[in-house]
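Listed below are the residues making up each chain.
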Amino acid sequence: MDSEFFDNWTTQLRKGILELGVLASLRGRKLYGYDIVKQLSMIPGLMISEGTIYPILSRFKRDGLVSSTLVESNEGPARKYYELTSLGRRELARMRVSWRSVRDGIDSLSPEAESP
Amino acid sequence: MTVYTQEAIVRLDEYLIEVRSAITGRSSMNPDEVEQDVRDHVAAALEPANQPITVDQLESVIERLGPPEQWVADSHRTIWKYLADTLKPVGHRALDQIRAIPGEAYVAGRSIVTKVRDMKDDWRLAYLAFGLFAMGMIVFPLFPAFLIASYIVARTEMAIIRERNTPMGARRWFVYPPLLLVSSCLIIALASWPISVGVALTHEIPHSLHGELGGVMHVSSKVVQPVAATYLAIGAVSIWWMFASLVVIRYPKLPAVLFPPFGSKFGRLEGLLVFLLSATASVVWLSFADTAWQAAKLVVEQP
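Keep in mind that this is a model prediction, so the values were computed, not measured.

Chemist: It is not clear to me how the interface of chain B and chain A should be interpreted in this structure. Could you clarify?
Modeler: On the side of chain A, 18 residues touch chain B, which itself brings 22 residues to the contact. Around 1900 Å² of area is buried between chain B and chain A when both sides are counted, 51% of it from carbon and sulfur atoms. The three residues of chain B that bury the most area against chain A are Glu 33, Asp 37 and His 41 of chain B, which together make up 28% of that side's buried surface. At the boundary of chain B and chain A, one finds five salt bridges. Within the residue set of the side of chain B that touches chain A, elements represented by two or more residues are helix 2 (31-45) and helix 3 (55-65) of chain B. Its residues assigned to classes, the side of chain B that touches chain A comprises 10 nonpolar, seven polar and five charged.

Below, the structure written as structure tokens:
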């Protein structure tokens, strides 16, 4: 029961944060899909399936938050690099403020959370 | 350029079909783009590996990518995608049965499946919709079941075309037959069901009253029943059409959703016209209310 509850909770949490993670990984730089996956894989527990980010990138592109350009690669076929648009940068800034506010608020509610 | 073994090519194709199937019909994503991204991801992940890439090497990358149907939240599914996903297990069972067929029949079936897979993706559902429709004609006792399946596939195709914002072109000749037939039947049923109510009510009039009713209605006793049935049917239809047209005026996109493809020609203005016509018919109908009331009293008060 405890494990099931925790799994559901982390799944719900991950869904929202992954979108923030994708936008944050593109802050100030261009990355291609596989690089974004590698960046996000370094955050423990954020991604269960690596493929999850591709539908998100497609949606972001349609919503005008990211744009993509094909760049020739020495190591193989041309790679599609993603970068934030000005709308994407604005939305990322808003999401980060909101995220910090929630995180700090939760922390302030349970200052002794590290030692239950 | 990444080189794969034949077995790995087949596995990658199967996985990409799963990807496309999971993404297609989602209102906010481009299946072509996601498929290409996944293809690039696989190539990038296998870049350091010795080539040709074996199916085992590929499988480890696919495992990390995960099952495509888990990538997208249910909230991004359209109703037609939901129906298609619901029917998917039936298709899988059918495929399993085809695979169980031995020998040449299996090879022939496999060849058809491969040909369909290699078709330009945008046309597959159009062909399938028409194929199901035609099959229903051939196996006529099963026509209703094939028609429903064909209609669902045709609606899915239309949703995808709308989502991709591409012209329908010649695909309409494959997609329209089931849509036109089902929409026509629905429109006729929805528009005319009150007639049956009116006609059914007049069956309660006993023959012994026809002479007396003819006097009240100022018609020959021989035509009492058809005149009464017509009167009740006109009343029921005009009241129903008034209600239906008010719904269309409030929700002008409803006809396009319910009755593709020609429902899109019917909007708020047409709803208003039908409302005015049916309101006029209702007023005319009510002008005979006194006579109708006298006739109804006779029927109700019969010993």
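Continuing now.
Chemist: Looking at this structure, how should I read helix 12 (residues 268-287) of chain B?
Modeler: All names here are of chain B. The terminal C-alpha atoms of helix 12, which comprises 20 residues, lie 28 Å apart, in line with the 28 Å expected from a rise of 1.5 Å per residue. Here helix 12 has its buried residues at Gly 271, Ser 278, Ala 279, Ser 282 and Trp 285. On an axial view of helix 12, the arc spanned by its buried residues comes to 120 degrees, and they lie on one face. Helix 12 presents Leu 269, Leu 273, Leu 277, Val 283 and Ser 287 as exposed residues on the side facing more than 90 degrees away from its buried surface. The inward-facing, buried residues of helix 12 contact helix 10 (224-250) and helix 13 (289-300).

Chemist: Got a minute to help me understand a negative patch on the surface in this structure?
Modeler: Residues and elements named next belong to chain B. A surface patch of like charges, here negative, comprises Asp 13, Glu 14, Glu 18 and Glu 69. You can see Glu 14 is positioned in helix 1 (residues 6-23). A relative accessible area of 31% means that Glu 14 is categorised as partly exposed.

Chemist: What is the right way to read the packing of aromatic side chains from this model?
Modeler: The geometry of an aromatic ring pair is captured by the separation of the ring centres together with the interplanar angle, meaning the angle of the planes. Per the counting criterion, the structure on display carries nine aromatic pairs over all chains. Consider the rings of Phe 6 of chain A and Trp 9 of chain A, whose centres lie 6.0 Å apart with planes at 35 degrees: the pair is tilted. A residue pair is termed a helical-turn pair when its members lie 3 or 4 positions apart in one helix, as Phe 6 of chain A and Trp 9 of chain A do in helix 1 (residues 2-25) at three residues. Among the aromatic side chains, those forming a connected cluster through ring pairs are Tyr 127, Phe 130 and Phe 174 of chain B. The lysine or arginine in question, Arg 250 of chain B, covers the ring of Tyr 251 of chain B, its NZ or CZ lying 4.8 Å from the ring centre.

Chemist: Could you clarify how one ought to interpret the packing of helix 9 (residues 210-217) of chain B against helix 10 of chain B in this entry?
Modeler: Any two packed helices are characterised by the angle at which their axes cross and by the distance between the axes. Residues and elements named next belong to chain B. Relative to each other, helix 9 and helix 10 sit at 55 degrees, their axes nearing to 10 Å. Between helix 9 and helix 10, the crossing angle belongs to the class labelled oblique. Two packed elements cross with a definite hand, and for helix 9 against helix 10 that hand is left-handed. Mapping the contact onto sequence places His 210, Leu 213, Gly 214 and Met 217 in helix 9 and Val 224, Gln 225, Val 227 and Ala 228 in helix 10.

Chemist: Help me out: how do you make sense of the pattern of salt bridges in this one?
Modeler: Opposite charge on two side chains permits them to pair, given that their charged atoms come into close proximity. Residues and elements named next belong to chain A. Enumeration over the complete set of coordinates arrives at 15 salt bridges over all chains. Measuring nitrogen to oxygen at the nearest pair gives 4.0 Å for the salt bridge that ties Lys 30 to Glu 83. Taken together, the residues Lys 30 in the loop between helix 1 and strand 1 (31-32) and Glu 83 in strand 3 (residues 76-84) connect sequence positions 53 residues apart. Classification of Lys 30 as partly exposed rests on a relative accessible area of 42%.

Chemist: Where do I start with the layout of surface pockets in this structure?
Modeler: Gaps left between atoms show up when a probe the size of a water molecule is rolled over them. Residue and element names in this part refer to chain B. Size it by volume and the second largest pocket reaches roughly 610 Å³. Along the wall of the second largest pocket there are 25 residues; nearest its centre are Ala 228, Tyr 231, Leu 232, Ala 292 and Ala 295. Within the residue set of the lining of the second largest pocket, elements represented by two or more residues are helix 8 (172-202), helix 9, helix 10, helix 12 and helix 13. Sort the elements by how many residues they give to the lining of the second largest pocket and helix 13 lands first, with eight residues. Residue composition of the lining of the second largest pocket, grouped by class: 21 nonpolar, three polar and one charged.

Chemist: Help me out: how do you make sense of the environment of Asn 30 of chain B in this one?
Modeler: Considering the arrangement of structural elements, one finds Asn 30 of chain B in the loop between helix 1 and helix 2. A relative accessible area of 25% means that Asn 30 of chain B is categorised as partly exposed. Placed 10 residues apart in sequence, Asn 30 of chain B and Arg 20 of chain B show a C-alpha to C-alpha distance of 9.3 Å. The residues touching Asn 30 of chain B, leaving out its near neighbours within four places in the chain, are Ser 58 and Arg 62 of chain A together with Ile 23 of chain B.

Chemist: Would you mind going over the packing of helix 1 of chain B against helix 2 of chain B with me for this structure?
Modeler: All names here are of chain B. Running from amino to carboxyl end, helix 1 crosses helix 2 at an angle of 145 degrees, the nearest separation of the two axes being 9 Å. For the crossing formed where helix 1 meets helix 2, the hand is right-handed. Taken together, the residues of helix 2 that come into contact with helix 1 (itself represented by Leu 12, Tyr 15, Leu 16, Val 19, Arg 20 and Ile 23) are Pro 31, Asp 32, Val 34, Glu 35, Val 38, Arg 39 and Val 42. Here the contact of helix 1 with helix 2 is built from residues that sort into nine nonpolar, no polar and four charged.

Scoring rules and cut-offs
Per chain, residues are indexed from 1 in the order of the written sequence. Chain A is the first chain written and ligand 1 is the first ligand written, with later ones labelled in order. Local features in this predicted model are restricted to residues whose pLDDT is 70 or higher, and side-chain atom pairs enter the listing and the counts only when it is 80 or higher, whereas totals over whole chains, interfaces and linings include all residues. With hydrogens and water stripped out, all remaining heavy atoms of the structure feed into the side-chain values. Any pair of residues with heavy atoms lying within 4.5 Å of one another is described as a contacting pair. Values labelled buried area give the accessible surface lost by two parts on being combined, using a 1.4 Å probe and summing over both. For this analysis, a salt bridge means a side-chain nitrogen from Lys or Arg found within 4 Å of a carboxyl oxygen belonging to Asp or Glu. A helix here means a DSSP run of H or I that spans at least four residues, while a strand means a run of E at least two residues long, and both kinds are numbered starting from the N terminus. Three categories are distinguished: nonpolar for Ala, Val, Leu, Ile, Met, Phe, Trp, Tyr, Cys and Pro, charged for Asp, Glu, Lys and Arg, and polar for the others, with Gly belonging to the last. A helix is expected to span 1.5 Å for every residue after the first. Accessibility here uses a 1.4 Å probe with only protein chains present; expressed as a share of the type maximum, an area under 20% marks a residue as buried, one over 50% as exposed, and anything in between as partly exposed. Working definition: the arc comes from the directions between the helix axis and the C-beta atoms, pointing outward to the latter. Here, patches come from residues exposed beyond 30% relative accessible area and free of salt bridges, joined within 9 Å for like charges and within 5 Å for nonpolar side chains (Val, Leu, Ile, Met, Phe, Trp, Tyr). Note on areas: these come from Shrake-Rupley sampling with a 1.4 Å probe, and a residue is covered only by the protein chains present in the view. Asp and Glu are treated as the negative residues and Lys and Arg as the positive ones, with His and the ends of the chain left uncounted. Lysine's charge is taken at NZ, arginine's at CZ, aspartate's at CG and glutamate's at CD. Stacked, tilted and edge-to-face are the three classes applied to pairs of Phe, Tyr and Trp rings, where Trp contributes its six-membered ring and a pair requires centres within 6.5 Å; stacked means planes under 30 degrees apart, edge-to-face means over 60, and tilted covers the rest. We call a charge positioned over a ring when the NZ of a Lys or the CZ of an Arg lies within 6 Å of the ring centre and within 35 degrees of the ring normal. Note on definitions: angles span 0 to 180 degrees between N-to-C directions of axes, and those axes are lines fitted to C-alpha atoms, for helices only across the stretch in contact. In what follows, roughly perpendicular refers to angles from 65 to 115 degrees, roughly parallel to angles under 35, roughly antiparallel to angles over 145, and oblique to any angle outside these ranges. Working rule for handedness: look at the near helix, and if it is turned counterclockwise from the far one by less than a right angle, call the crossing left-handed; if clockwise, right-handed. Using only the protein atoms, space was sampled on a 1 Å grid; points where a 1.4 Å probe fits but cannot get out form cavities, open sets with protein on both sides within 12 Å along at least five of seven lines form pockets, and lining residues are those with an atom within 4 Å of a point. Grid points are joined across faces, edges and corners, and a volume is the space filled by probe spheres set on the points.

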